[in-house]
Amino acid sequence: MSKNQLSKLYEELDEAHADDLASTPGRTSRKRQSRRSEMDARLFVRAQEAAGEFEFTYKAARFEEAWLLDSLHEIAGQQLISDVLRKIKSGKEASVYLCRSGASIEARLLAAKVYRPRTLRNLKNDAVYRTGRTDLGEDGSALFREADVNAIIKRTKYGEELRHTSWIAYEFTTLEKLYAAGADVPKPYAMLKNSILMEYIGGEGMPAPTLNAVTLDRDDARELFDRVVLNLNLLLQNGRIHGDLSSYNILYWDGGITLIDFPQVVSPESNPMAWTLFQRDVTRICQYFSAQGVSVNARKLAADLWTSYGHRIVKEVHPGDLDAENPRDRKLWERQQKG
Ligand SMILES: Nc1ncnc2c1ncn2[C@@H]1O[C@H](COP(=O)(O)OP(=O)(O)O)[C@@H](O)[C@H]1O
Ligand SMILES: [Mg+2]
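All values derive from a computational prediction rather than experimental measurement.

A.B. asks: Looking at this structure, I do not really get the environment of Trp306. What am I missing?
C.D. replies: Residue placement: Trp306 occurs in helix α9 (residues 298-308). The spatial distance from the C-alpha of Trp306 to the C-alpha of Asn233 is 9.1 Å, given a sequence separation of 73 residues. Setting aside its immediate chain neighbours within four residues, Trp306 contacts Leu236, Ile241, Pro268, Ala274, Trp275, Phe278, His311, Arg312 and Ile313.

A.B. asks: Sorry if this is basic, but what is going on with the coordination of the magnesium ion (ligand 2) here?
C.D. replies: Note on metal sites: the ideal angle is 109.5 degrees for four tetrahedral donors, and 90 or 180 degrees for six octahedral donors. Coordination of the magnesium ion (ligand 2) by the protein comes from Asn249 (OD1) and Asp261 (OD), over a distance range of 2.2 to 2.3 Å. Pair noted here: Asn249 is in the loop between α7 (218-237) and β6 (250-253) and Asp261 is in the loop between β7 (256-259) and α8 (274-291), with a separation of twelve residues, a long-range link. Side by side, Asn249 and Asp261 carry an identical accessibility label, which is buried.

A.B. asks: Quick question: what am I supposed to make of the sheet that holds strand β2 (residues 94-101) here?
C.D. replies: Note on sheets: strands pair through backbone hydrogen bonds, and any given pair is parallel or antiparallel. If you walk across this open sheet you meet the five strands as β1-β2-β3-β5-β4, and the pairing is antiparallel. Unpaired on one side and paired on the other, β1 (81-90) and β4 (188-192) mark the two borders of the sheet. The average undirected angle you get between the axes of adjacent strands in this sheet is 25 degrees. As paired elements, β1 and β2 share seven bridges and run antiparallel to each other. The residue bridging Ser90 from the neighbouring strand is Ser95, located in β2.

A.B. asks: Would you mind going over the packing of α8 against α9 with me for this structure?
C.D. replies: Helices that pack against each other are described as a pair by the angle of their axes relative to one another and the distance between those axes. Closest axis-to-axis distance for the α8/α9 pair is 9 Å, and the angle between their directions is 135 degrees. The angle between α8 and α9 falls in the class oblique. Two packed elements cross with a definite hand, and for α8 against α9 that hand is right-handed. On the side of α8, the interface is formed by Ala274, Trp275, Phe278, Gln279, Val282, Thr283 and Cys286, while α9 contributes Ala298, Arg299, Leu301, Ala302, Ala303, Leu305 and Trp306.

A.B. asks: I'm lost on the packing of aromatic side chains in this one. Help?
C.D. replies: The relation between two aromatic rings is expressed through the spacing of the ring centres and the mutual angle of the planes. According to the stated counting rule, one finds five aromatic pairs in the structure shown. On the numbers, 5.3 Å between centres and 25 degrees between planes, the contact of Phe278 with Trp306 is stacked. Within this pair, whereas Phe278 is found in helix α8, its partner Trp306 is found in helix α9, the two being separated by 28 residues in sequence. Residue classification places Phe278 among the buried positions, given a relative accessible area of 2%. Clustering of aromatic rings is evident, with ring pairs tying together Phe225, Tyr288 and Phe289. The ring of Tyr170 is capped by Arg133, whose NZ or CZ atom sits 3.8 Å from the centre of that ring.

A.B. asks: For this particular structure, what's the right way to read the site of ligand 1?
C.D. replies: Taken together, the neighbourhood of ligand 1 is formed by 20 residues, with Lys92, Lys113, Glu199, Ile201 and Asp261 sitting nearest. Here a nitrogen atom of ligand 1 sits 2.9 Å away from a polar atom, N or O, in the main chain of Glu199. Between ligand 1 and the protein, one listed contact pairs an oxygen atom with a side-chain N or O atom of Asp261 at 3.0 Å. Burial of ligand 1 by the surrounding chains reaches 95%, relative to a free accessible area of 550 Å². For the shell around ligand 1, the elements supplying multiple residues, two or more each, are β1, β2, β3 (109-115) and β5 (195-199).

Scoring rules and cut-offs
- Residues numbered from 1 in each chain as written.
- Chains lettered and ligands numbered in written order.
- Predicted model: local features only at pLDDT ≥ 70, side-chain atom pairs only at ≥ 80, totals over all residues.
- Heavy atoms only, no water.
- Helix = DSSP H or I, 4+ residues; strand = E, 2+ residues; numbered from the N terminus.
- Contact = heavy atoms within 4.5 Å.
- Donors = N, O, S within 2.8 Å, 3.2 Å for Na, K, Ca; no water.
- Buried < 20%, exposed > 50% of the residue type's maximum accessible area, 1.4 Å probe, protein only.
- Pairing = 2+ DSSP bridges.
- Axes fitted to C-alpha atoms, helices over the stretch in contact; angles between N-to-C directions.
- Parallel < 35°, antiparallel > 145°, perpendicular 65-115°, else oblique.
- Left-handed = near helix turned anticlockwise from the far one by under 90°.
- Phe/Tyr/Trp six-rings, centres within 6.5 Å; stacked < 30°, edge-to-face > 60°.
- Lys NZ or Arg CZ within 6 Å of the ring centre and 35° of its normal.
- Near = heavy atom within 4 Å.
- Polar contact = N/O pair within 3.5 Å; in protein donor to acceptor, adjacent residues only side chain to side chain.
- Areas by Shrake-Rupley, 256 points an atom, 1.4 Å probe, with all protein chains shown as cover.

What follows is the structure, given as structure tokens:
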């Protein structure tokens, strides 16, 4: 970047911060703070752009651009991505973008799953999934400090941020674990504050469709069904239940499948709803494959898989009935643990 370009960027930065200096000392309004970090992020990416390290081909809506830039701020500095090409899809709690990768990643294209800011996320009923689960920090290791654990239980603002990070960390660490075990999941590259970078499934012009949008012939359907069952085995072997598995969270590309969307995973050992959730996953999969001509008995398949890993079939509780913070529900859970 030329000296001129640089000094122009700094001038703009100064202008953005001049507003702060003009305000009452010690009091920066939240609006101004967010405008400031938005400006910082924009300028940072523009500096990268000017230096030829980062582009922003995708033209986002104004508000989307602000949180996208804020999330990608960190990524740009690490040479993980060099361009945001376009939005693949907006899901319930995150948007996924097609990116060109940066110098430090060997694949040419990447998928960036960028979670919406905590306050704007359309949360899955997460109490069910969080019950019996240890919260994780940014680096994927268990949160153990009393202050952190208390903040989460008391749902302070800081605690809510920790929860949000933990939710994303579960998705990332699960991808790492399953990818290492040879499961059909996108290769995970990095977890940042608000986003996950992973292998992109699809072609340059077209992302992989989800399985629900695909009609298979009977032979292919059988083969892919067996492949899903293999993945269910790998999940159980690695102490995970997907928790939201269906043909909507499986991508289909080049005749193969890729399982996605893991933040809500639960442990078969420590979640009281484990059997119910596992059975629901298996049932939804079987519904799709039955419609494609594969004859299966969902309940039997679920029970065979479940018990083959030594898990017990316990009385079903309806999803949503359990609340991690409710003492009565905790007792129910403890009772079920004892058997
Ligand atoms: N690695 C990927 N490659 C290509 N497309 C992806 C990838 N990950 C997600 N997508 C697309 O983004 C959508 C939303 O991602 P998902 O992880 O399912 O989040 P949500 O919780 O919002 O449903 C998916 O349905 C799929 O179309
Ligand atoms: Mg999904």
